[in-house]
Amino acid sequence: MAKGKSEKNSTKTNAMRILEQAGIPYEVREYSYDEDHLGGDHVVAQLGEDPDTVFKTLVARGEKKGIMVFCIPVNEELDLKKAAQAAGDKRIEMVHVKELFGLTGYIRGGCSPVGMKKKYPTFIEETALLFDEIFLSGGARGVQIVVEPEQLIGFLEAEPCEIVKG
């Protein structure tokens, strides 16, 4: 995987700059989006990739632990009980979309676990480790970063765990 390789020579996002500074190779995949289609199904259709390899970034608030980040496949739903258990909290709830930018520096549809305003505890669905590479938001709508899951987990100090429903 080439460092910072982009198919469309896009403008570098904060997430890309941070990965480069850390020496983590990544690729950039761009896709067209519109305000009415910000969901994971649209991203998967645009990229033509396996939905199990395309991850979304969710931000939640724990009763005791505060803000936490969860990365799960776009075709899955976060299990709040499993997520709370993994985080060592009694209960968690998703943050309101209006809070997202203030907490992370990212907007809905472009929220990356890389380069948030603060370092939050991060959890990633353990199935990410089944793949050689996974896709996640590059920090802007229409931009995905392709990265090796082990490197991402190590860099983010994320905890792989079972956090989806099913």
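Residue numbering note: each chain is counted from 1, following its sequence as written. Only residues with pLDDT of at least 70 get local features here, since the model is predicted, and only at 80 or more are side-chain atom pairs given and counted; chain-wide, interface and lining totals rely on the full set of residues. Excluded from the side-chain calculations are hydrogens and water; all other atoms, namely the structure's heavy atoms, are used.

Another point: the pairing of strand β2 (residues 26-30). When a residue's accessible area, from a 1.4 Å probe over protein chains only, is under 20% of the maximum for its type it is buried; when over 50% it is exposed; and in between it is partly exposed. Helix numbers and strand numbers start at the N terminus; a helix is a DSSP run of H or I with at least 4 residues, a strand a run of E with at least 2. Of all five residues that make up β2, five are buried, and the element is covered over most of its length. Residues Tyr26, Val28 and Glu30 line one face of β2 and the alternating positions Glu27 and Arg29 line the opposite face, and both faces are buried. Pairing between β2 and strand β8 (residues 143-147): four bridges, direction antiparallel. What sits directly across from glutamate 27, in β8, is valine 146. DSSP bridges decide pairing: two strands pair if at least two such bridges lie between them.

Spatially, the five strands line up as an open sheet ordered β5-β3-β4-β6-β9, and their pairing is mixed. The open sheet terminates on both sides in strands that have one partner only, identified here as β5 (92-94) and β9 (159-161). Averaged over all neighbouring strand pairs, the angle between strand axes comes to 35 degrees, with direction disregarded. The sheet contact formed by strand β3 (residues 55-62) and strand β4 (residues 66-73) spans eight bridges and is antiparallel. Across the sheet, arginine 61 pairs through a bridge with isoleucine 67, a residue of β4. Fitted lines through C-alpha atoms give the axes, limited to the stretch in contact for helices. The angle between two N-to-C directions lies from 0 to 180 degrees.

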